[in-house]
Amino acid sequence: MHAPATLFEPTRLGDLTLTNRMVMAPMSRARADADGTPSTLMADYYAQRASAGLIVAEGTHPAPAGAIGPDAPGLFTDAHQDGWARVADGVHAAGGHVFLQLMHAGRLAHPDFLPEGAHPVAPSAVAAQALVHTSGGRVPAATPTALTDPGIQELIDDFVRSASRAVAAGLDGVEIHAANGYLLHQFLAENARMALRRRKPR
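Residues numbered from 1 in each chain as written. Predicted model: local features only at pLDDT ≥ 70, side-chain atom pairs only at ≥ 80, totals over all residues. Heavy atoms only, no water.

Caption draft 1: Expanded view of the sheet that holds strand β3 (residues 23-24). In space, the four strands of this open sheet follow the order β3-β4-β5-β10, with parallel pairing throughout. A strand with exactly one partner marks an edge of an open sheet, and here the two such strands are β3 and β10 (173-176). Pairing between strand β5 (residues 98-102) and β10: four bridges, direction parallel. Paired with L102 across the bridge in β10 is I176. Against the sheet, helix α1 (residues 40-47) makes contact with β3 and β4 (54-60), and its axis sits at roughly 150 degrees relative to β4, the strand it touches most. Most of the contacts of helix α3 (residues 149-168) go to β5, to which it runs at about 165 degrees, and overall it touches β5 and β10. (Pairing = 2+ DSSP bridges. Helix = DSSP H or I, 4+ residues; strand = E, 2+ residues; numbered from the N terminus. Contact = heavy atoms within 4.5 Å. Axes fitted to C-alpha atoms, helices over the stretch in contact; angles between N-to-C directions.)

Written as structure tokens, this is what we have:
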């Protein structure tokens with residue numbers, strides 16, 4: 001019988017050969033520039049952790065209204081793509097691999113830190129019963145704008161474009177965040193889509 005593999009042995013993940021079986025989970029760092037461009041500090045941070053077999057980088061919004069807080073990274077402009085390319089280059093130079101996690105905050109975004117003219121969106125115009133982190137402290141969540149069918153299609157296109165930019169930036173893969181109360185999870189949660197309920201006939 002073969003001895004069981006250990007955490008420190010290489011493994012395959014699709015087309016990738018990982019140097020070990022340890023994965024660094026995504027953790028919000030809030031170290032991007034104010035416009036969402038990944039900073040030099042972010043590139044250094046991930047390169048320093050490239051000894052993990054795989055890094056899954058922090059939640060990254062694919063559209064202006066999708067940010068989860070101040071200084072969260074985005075991936076929908078050329079500057080964002082260049083910033084993530086620096087992250088990928090640093091991790092690869094240190095012998096590691098890195099995936100990008102795409103996430104949209106939905107109704108957990110807040111106008112206080114979104115670009116001018118952007119507003120939180122969600123399946124329905126129902127505010128989360130939660131406090132949101134802003135640069136001025138924690139504040140109650142705002143009432144989002146309910147998404148229409150065209151708006152949903154636009155968001156799908158945003159995710160596709162961001163995933164394409166991730167590939168172009170040299171990142172090794174993309175993970176879609178669909179939990180923890182963010183936008184994709186909100187479509188599955190009764191308390192975030194009240195307007196979609198239908199009255200039962202009496």
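Caption draft 2: Region of interest: the environment of L108. Inspection of the secondary structure assignment puts L108 in the loop between β5 and β6 (121-122). A C-alpha to C-alpha distance of 36 Å links L108 and G95, two positions 13 residues apart in sequence. Each residue touching L108, except ones within four places of it in the same chain, is listed here: I68, F113, A128, A130, V132, N180, G181, Y182 and Q186.

Caption draft 3: A look at the side chain of Q81. Here Q81 shows up in helix α2 (residues 78-93). Looking at Q81, the relative accessible area reads 18%, which means it is buried. (Buried < 20%, exposed > 50% of the residue type's maximum accessible area, 1.4 Å probe, protein only.)

Caption draft 4: Expanded view of unusual backbone geometry. For A30, which is not glycine, the phi dihedral falls at a positive 55 degrees. Looking at the secondary structure, you find A30 in the loop between β3 and α1. Backbone geometry places N180, a non-glycine residue, at a positive phi of 60 degrees. By the secondary structure assignment, N180 is in the loop between β10 and α4 (183-186). In this structure N180 comes out as exposed when scored by relative accessible area, which is 57%.

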